[in-house]
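So the chains spell out like this:
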Amino acid sequence: MSEQSNELADLVGAEHAATGREYTAGFVTEIETDTLPPGLDENVVRAISGKKEEPAWMTEWRLDAFGRWQRMRTPRWAHVQFPDIDFQAISYFSAPKGDAPKSLDEVDPELLRTYEKLGIPLHERARLAGVETAAEDAPQVAVDAVFDSVSVATTFKERLAEAGVVFCSMSEAIREHPELVRKYLGSVVPKPDNFYAALNSAVFSDGSFVYVPKNTRCPMELSTYFRINAENTGQFERTLIIADEGAYVSYLEGCTAPMRDDNQLHAAVVELVALADAEIKYSTVQNWYPGDEQGNGGIYNFVTKRGACLGERSKISWTQVETGSAITWKYPSVVLRGADSVGEFYSVALTRNFQQADTGTKMTHIGPRTKSTIVSKGISAGRSQNSYRGRVRMNPGAKGARNYTQCDSLLIGDACGAHTFPYIESKLPSAVVEHEATTSKVSDEQLFLCQQRGIEPERAVAMIVNGFCRDVFRTLPMEFAVEAAKLLEVSLEGAVG
Amino acid sequence: MAGLTLNAGSLAEALLARGPASYAPWLDRGPHLELIEQRALPELRSEAWRHTNISRWYQTVLNGNESVAQSRRIEFAGAVEVVDFEESRAAELLELRGDELYQLSAHPIAALNAMLLGAGVAIRVPARGGRLHPVRVVDLPASYQRILMIVESGAEAELIEEPSPFTHRLVELVVQSGARLLHRRLQAASPHRDCSLVAVRVEANANYELAQLSLGGDLRRNDIVATLSGESAHVTLRGAWRLDGTRHLDNQVAVHHDAPGGTSRQTYRGVAGGRSRAVLNGRIEIAPGAQRSDASLSTKNLLASDTAEVYAKPELEIYANDVKCSHGATVGAIDEDAVNYFRTRGIDGQTARSLFVRGFLREAIDDVETARRLGVIQ
């Protein structure tokens, strides 16, 4: 190890001990909740379904998933280590007390303050007021706020309804749009897809539902903000987005949780359906509580995300910036069924302290001339382990299909690990698969060059890391890109010199 | 045993009933026996056997390979010491090897090699032996074979494995500090099912170079484990394959950088036609503290038919920060534009394709004569 790196490592230790990295979203909201006691059996599944006043078909669907889950074993193949999860010690439902609010005015002010504190405005008026003075077409974002197990508010519903766009909580969708839910729920991620997807299917509490009708461009960005607040609960949200023929929607997802010493489980399922000529852009900035510098606490983020490009020329694009969670274990994937459909995956995953990440994507090419692009940037610092795992499969029907994959890893400090596990499977000659991966450290030359020009080491590393991630950031919606870059910078604070 | 379908469990039963081979009784078969007793042989569809149906190989395990050679044939000259595993001197050479060169738990079928061993040869290339003629292993007279070679400090040696039938072959190589070993493995097309494991330790400033040409088998699996155990060791692995018909070739390669300053270069080029299946899993592992490691892997594959399959999995597992690692993998078809370019210059399509494949494979092969003899290139 060079002197300079040593210096860096020293700074890591020193700065870190002094300040630690501030996790600004780590507060707890004192609010009365309606929480199921810990434990999981058929009665709990029925109770969740009952609390949400679901129709019988939904209860049956959940019970079927529960039965399948009971016969499944916990998967162990990921490059992550954690003690066995006691599924009977988790509470599967927690909601702020009281009837579901009919409008924003009925939402508990304590909750509204929580979201304000997190920088998520739920007041449409406030937002609109701002717009009056700004440009007419300033971007607006409709937000669905999910607090523990339930959706507490969805903004801009009327504006969206004018365009025919349905944006509501999953519970509402089950009531109001059962035909769409029945048709598509579980169609992309089937109940027995994997252990955590089966668990989610049985106990999912809430999440967002989006339907964009034919030839409609959703008039604003849609966003869901997930917040875990209660202790010893798991969050199991379920999101379903359907873009009908020729539709376009951009969807953003953010998440935070309080700082606690226990690990909390977050096992979500996200399903995207793109029909012919439709496009879905799904962006995530994941900032769940990562645990403290000794590796205590933090969220286990075990998520199944998958999109189906069902129609011709459809497109699904995943962008993720992963900085939080004690363990991240997810592979946002695309099944490219429609001819000429396009799948994209852009990812930045930053791990530090004792964080572990095993993340990547699966691109399954089924239709002819389908194309996929994968760009993954992994940054490991501290004593963390960061793995890219991805699979590109060319099925026999995917004539003329193409994939390009680039995954790069950056190492900061000598006690972390960076790993790459790509699976390439091709069954036809006319498909082309290209994969490249590199691993390196922040080079001493680059740092030296910056320092020569009077740039502080910390600032220099942030700049280098930012440049390293540029290919991914440029795919994010503007405001999100700024937030992501800032988040990365904050996350790197104290992790580098 | 013919007609009996064996899985990992029933094979273990049969092996325990039969007991270890009587060949080279001095060999410590304890850990191997234990592995079989603990039923730790790989099951069908285990991760390491995703693309090779191990039960097809299990079917051949007890009967062995009927076309195996009748006698030992090894060609060498000069000061090289060659002894049979039956001789007590082999035990001394094994002592010289030191620790196991591979982890039995990662390569459990090597336990079958120990249990059923029928032919083994230990080779020592003495230090300061001067430049030596190649050691050519032509035939070993049993289905379960073992080759141990120790290249002592500063010596320079060449080992050639000629195409020869077996069911399992274990090759253990130690390249002591400052020594150099050039290893050529030639695998002709085979109607048989065979597995082999090459495990090599490369010590400080030593150099190990492998060139492997293969046409695949009814089932063929090549495991290679190279460990750079000393500072500034160097490893070069090159592999080329050309498969047709229903040939199967599964390459599982792991390069471990255990010491600082090591370099490794891996280059693989393969063509899969007919209904064949080609697999390359190439892992680079950089241990904590193995700073200034420089490792790269490149694998390129051509699919020459609609029914052939290619699986590539280049992996990086890195636990040190001052490293330079990269891998690249491609799968595609012969570039028809390139073929058309040849045709506009009066070279017919078939010749053009053949030239193209040849040029492609030559990126990984330097020994064109052997490649031609084996039919890897035309």
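Procedures and definitions
Residues numbered from 1 in each chain as written. Chains lettered and ligands numbered in written order. Predicted model: local features only at pLDDT ≥ 70, side-chain atom pairs only at ≥ 80, totals over all residues. Helix = DSSP H or I, 4+ residues; strand = E, 2+ residues; numbered from the N terminus. Buried ≥ 20, exposed ≤ 12 C-beta atoms within 10 Å, placed from the backbone. Contact = placed C-beta atoms within 7 Å. Rg over C-alpha atoms; globule rule 2.2 N^0.38 Å. Pairing = 2+ DSSP bridges. Axes fitted to C-alpha atoms, helices over the stretch in contact; angles between N-to-C directions. Parallel < 35°, antiparallel > 145°, perpendicular 65-115°, else oblique. Left-handed = near helix turned anticlockwise from the far one by under 90°. Nonpolar A, V, L, I, M, F, W, Y, C, P; charged D, E, K, R; others polar. pLDDT = per-residue confidence, 0-100.

Participant: I would appreciate a short explanation of the overall build of chain A in the present structure.
Facilitator: In terms of regular secondary structure, chain A is built from 12 helices and 24 strands. Relative to its 497 residues, chain A shows a buried fraction of 55%. Long-range pairs, those at least 24 residues apart, make up 84% of the contacts in chain A with a sequence separation of at least 6.

Participant: Even after reading the chapter, I still don't get the overall build of chain B, so can you show me in this structure?
Facilitator: The helix and strand tally for chain B stands at eight helices and 18 strands. By the compact-globule yardstick of 21 Å for 378 residues, chain B fits well, its C-alpha radius of gyration being 21 Å. Burial statistics for chain B: of 378 residues in total, 50% are counted as buried. Nonlocal contacts in chain B, meaning residues at least 24 apart in sequence, comprise 84% of its contacts between residues at least 6 apart.

Participant: What exactly am I supposed to notice about the interface of chain B and chain A here?
Facilitator: Often, the extent of an interface is quoted as the loss of accessible area on bringing the components together. Across the contact, 31 residues belong to chain B and 31 residues belong to chain A. At the level of elements, strand E17 (309-318) and strand E18 (324-332) of chain B are the ones that each hand at least two residues to the side of chain B that touches chain A. At 10 residues, the largest contribution of residues to the side of chain B that touches chain A is made by E17 of chain B. For strand E24 (residues 432-441) of chain A and E18 of chain B, the ladder comprises seven bridges, and the chain directions are antiparallel. Bridge pairing links Thr438 of chain A to Ser326 of chain B in E18 of chain B.

Participant: How do you make sense of the packing of helix H2 (residues 42-51) of chain A against helix H3 (residues 56-70) of chain A when you look at a structure like this?
Facilitator: For any two helices packed against each other, one specifies the inter-axial angle together with the distance between the axes. Residues and elements named next belong to chain A. Relative orientation of the contacting elements H2 and H3 amounts to 150°, with a least axis distance of 10 Å. On the basis of their axis angle, the class for H2 and H3 is roughly antiparallel. Crossing geometry of H2 relative to H3 is assigned as right-handed. Of the residues in H3, those touching H2 at Glu42, Val45, Arg46 and Ser49 are Met58, Thr59, Arg62, Leu63 and Phe66. Within the contact of H2 with H3, the residues separate by chemical class into four nonpolar, two polar and three charged.

Participant: Honestly, the environment of Thr154 of chain A in this entry has me stumped. Any pointers?
Facilitator: Residue and element names in this part refer to chain A. By secondary structure assignment, the location of Thr154 is in strand E4 (residues 150-154). Residue class for Thr154 comes out buried when judged on the 22 C-beta atoms lying within 10 Å of it. C-alpha of Thr154 to C-alpha of Gly343: the two residues are 189 residues apart in sequence and 29 Å apart in space. The residues touching Thr154, leaving out its near neighbours within four places in the chain, are Asp144, Phe167, Cys168 and Ser169.

Participant: Is there a simple way to think about the confidence of the model for chain A in this case?
Facilitator: For any part of a model where pLDDT is low, the fine detail of the predicted coordinates should not be relied upon. Residue and element names in this part refer to chain A. In this model, chain A carries a mean pLDDT of 82, and residues with pLDDT of at least 70 account for 83%. In the predicted structure, residues 1-20 sits below a pLDDT of 50 and forms 29 contacts with residues beyond four places in sequence or in another chain. This model gives residues 125-138 a pLDDT under 50, and the stretch forms five contacts once residues within four places in sequence are excluded.

Participant: Even after reading the chapter, I still don't get unusual backbone geometry, so can you show me in this structure?
Facilitator: Note on backbone geometry: most residues besides glycine have negative phi, and most peptide bonds are trans. Non-glycine residue Asn215 of chain A carries a positive phi angle of around 50°. Topologically, Asn215 of chain A is positioned in the loop between strand E6 (208-212) and strand E7 (221-227). If you check the backbone angles, Asn205 of chain B has positive phi at about 55° while not being a glycine. By secondary structure assignment, the location of Asn205 of chain B is in the loop between strand E9 (190-202) and strand E10 (207-214). Owing to 19 C-beta atoms within 10 Å, Asn205 of chain B belongs among the partly exposed residues under this scheme.

Participant: Hey, could you run me through the environment of Ala418 of chain A in this one?
Facilitator: Secondary-structure assignment places Ala418 of chain A in strand E23 (residues 417-426). Sequence separation between Ala418 of chain A and Glu221 of chain A is 197 residues, and the spatial gap between their C-alpha atoms is 34 Å. Beyond its immediate sequence surroundings of up to four residues, Ala418 of chain A is in contact with Gly378, Ser380, Asn386, Ser409, Leu411 and Thr439 of chain A together with Ile318 of chain B.

Participant: What am I meant to see in helix H3 (residues 54-61) of chain B here?
Facilitator: Given 3.6 residues per helical turn, the α-helix brings residues three or four places apart onto the same face. Burial runs high along H3 of chain B: six of the eight residues are buried. The set of residues buried in H3 of chain B consists of Ile54, Trp57, Tyr58, Gln59, Thr60 and Val61 of chain B.

Participant: It is not clear to me how the packing of helix H11 (residues 457-473) of chain A against helix H12 (residues 478-492) of chain A should be interpreted in this structure. Could you clarify?
Facilitator: All names here are of chain A. Their axes nearest at 10 Å, the elements H11 and H12 cross at an angle of 145°. For the crossing formed where H11 meets H12, the hand is right-handed. Only Ala481, Ala484, Ala485, Leu488, Glu489 and Leu492 of H12 make contact with H11, whose side of the interface consists of Val461, Ala462, Val465, Asn466, Cys469 and Phe473. Grouping the constituent residues of the contact of H11 with H12 by class yields 10 nonpolar, one polar and one charged.

Participant: Any chance you could explain the environment of Lys52 of chain A here in plain terms?
Facilitator: When you line up the elements, Lys52 of chain A lands in the loop between H2 and H3. Along the backbone, Lys52 of chain A and Arg175 of chain A are 123 residues apart, and their C-alpha atoms lie at a distance of 9.6 Å.

Participant: In this structure, what is going on with the confidence of the model for chain B? I would like to understand it.
Facilitator: Averaged over all residues, the pLDDT of chain B is 92; the fraction at 70 or higher stands at 98%. Per-element mean pLDDT across chain B ranges from 76 in helix H8 (residues 368-374) of chain B up to 98 in strand E7 (residues 168-175) of chain B.

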